[in-house]
Amino acid sequence: MNTTLMKEKLQTEKVTLEAELAEHGRFNAETGNWTGSAIANSSEGADVNVAADTMEELGTNSAIVEELEARYKNVLHALQKIEEGSYGMCEVGGEEISEERLAANPAARTCVEHAA
Ligand SMILES: [Zn+2]
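Residues numbered from 1 in each chain as written. Predicted model: local features only at pLDDT ≥ 70, side-chain atom pairs only at ≥ 80, totals over all residues. Heavy atoms only, no water.

A. Expanded view of the coordination of the zinc ion. The zinc ion binds to the protein through Cys-90 (SG), Glu-95 (OE), Cys-111 (SG) and His-114 (ND1), with metal-donor distances spanning 1.7 to 2.3 Å. Considering all four donor atoms around the zinc ion, the spread of angles at the metal, 91 to 117 degrees, places the coordination shape in the tetrahedral class. (Donors = N, O, S within 2.8 Å, 3.2 Å for Na, K, Ca; no water. Tetrahedral: all angles 85-135°; square planar, octahedral: opposite > 155°, others 65-115°.)

Written out as structure tokens, the structure reads:
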């Protein structure tokens, strides 16, 4: 297991997610969570995919922010596991997660069998 490479990947994803969260939501220091900001009424927000995903969200980015935040927390969790030396272990059964799975999703918490 090359955790150095995984750490790099996770840190890159962390920075990307932070930028996306800042773009679509705002951080609430009181709760430690992100909330979706109102969708800007400008041509800048003309992202077709995002628009389609948030069509039913009453003009806020809450759905996309919720998903980004979940990914973000998984990334932070995975980085913490690298520090603790438990990275790459399934959180349900304790067995090693395949490198193939981690390559596809460095923030995976469980093996394929125990994936929700
Ligand atoms: Zn497992």
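B. View of the pattern of salt bridges. According to the stated counting rule, one finds six salt bridges in the structure shown. The partner of Lys-7 in a salt bridge is Glu-83, and the shortest N-O contact between them spans 3.0 Å. Linking Lys-7 in helix H1 (residues 3–24) with Glu-83 in helix H3 (residues 62–84), this pair joins segments that are 76 residues apart in sequence. Its salt-bridge partner being Lys-73, residue Glu-69 comes within 3.6 Å of it at the nearest N-O pair. Here the residue Glu-69 and the residue Lys-73 both occupy positions in helix H3, the gap between them amounting to four residues, near one helical turn. Each of Lys-81, Glu-91 and Arg-109 takes part in salt bridges that share partners, so that together they form one network. (Salt bridge = Lys/Arg side-chain N within 4 Å of Asp/Glu carboxyl O. Helix = DSSP H or I, 4+ residues; strand = E, 2+ residues; numbered from the N terminus.)

C. Structural context of the nonpolar core. Leu-10, Leu-21, Val-75, Tyr-87 and Leu-102 are the most contacted members of the largest nonpolar core, which totals 20 residues. Looking at this core, the elements that each hand over two or more residues are H1 and H3. Element by element, the count of residues in this core is highest for H3, at eight residues. Once residues within four sequence positions are removed from consideration, Val-75 is found in contact with Leu-10, Glu-13, Lys-14, Leu-17 and Ala-107. (Core = buried A, V, L, I, M, F, W, Y, C linked by side-chain atoms within 4.5 Å. Buried < 20%, exposed > 50% of the residue type's maximum accessible area, 1.4 Å probe, protein only. Contact = heavy atoms within 4.5 Å.)

D. Representation of the pairing of strand S1 (residues 25–28). Both S1 and strand S2 (residues 33–36) contribute to a ladder of four bridges, which runs antiparallel. Residue Arg-26 lies in a different strand from S2, and its bridge partner there is Thr-35. (Pairing = 2+ DSSP bridges.)

E. A look at the environment of Ser-37. Within the fold, Ser-37 resides in the loop between S2 and helix H2 (48–53). Here the alpha-carbon distance between Ser-37 and Arg-26, two residues eleven residues apart in the chain, equals 6.3 Å. Excluding anything up to four places from it in sequence, Ser-37 contacts Glu-23, His-24, Gly-25, Arg-26, Gly-59, Thr-60 and Asn-61.

F. Region of interest: the packing of H1 against H3. Their axes nearest at 9 Å, the elements H1 and H3 cross at an angle of 150 degrees. Comparing their axes, H3 and H1 come out roughly antiparallel. Crossing angle aside, the handedness with which H1 passes H3 is left-handed. Mapping the contact onto sequence places Thr-3, Met-6, Lys-7, Leu-10, Gln-11, Glu-13, Lys-14, Leu-17, Glu-18, Glu-20, Leu-21 and His-24 in H1 and Ile-64, Val-65, Leu-68, Glu-69, Arg-71, Tyr-72, Val-75, Leu-76, Ala-78, Leu-79, Ile-82 and Glu-83 in H3. In terms of residue class, the contact of H1 with H3 is built from 13 nonpolar, three polar and eight charged. (Axes fitted to C-alpha atoms, helices over the stretch in contact; angles between N-to-C directions. Parallel < 35°, antiparallel > 145°, perpendicular 65-115°, else oblique. Left-handed = near helix turned anticlockwise from the far one by under 90°. Nonpolar A, V, L, I, M, F, W, Y, C, P; charged D, E, K, R; others polar.)

G. Broad picture of the side chain of Glu-69. On the accessibility criterion, Glu-69 (9% relative accessible area) is buried. One polar contact links the side chain of Glu-69 to the main-chain amide nitrogen of Trp-34, over a distance of 3.0 Å. (Polar contact = N/O pair within 3.5 Å; in protein donor to acceptor, adjacent residues only side chain to side chain.)

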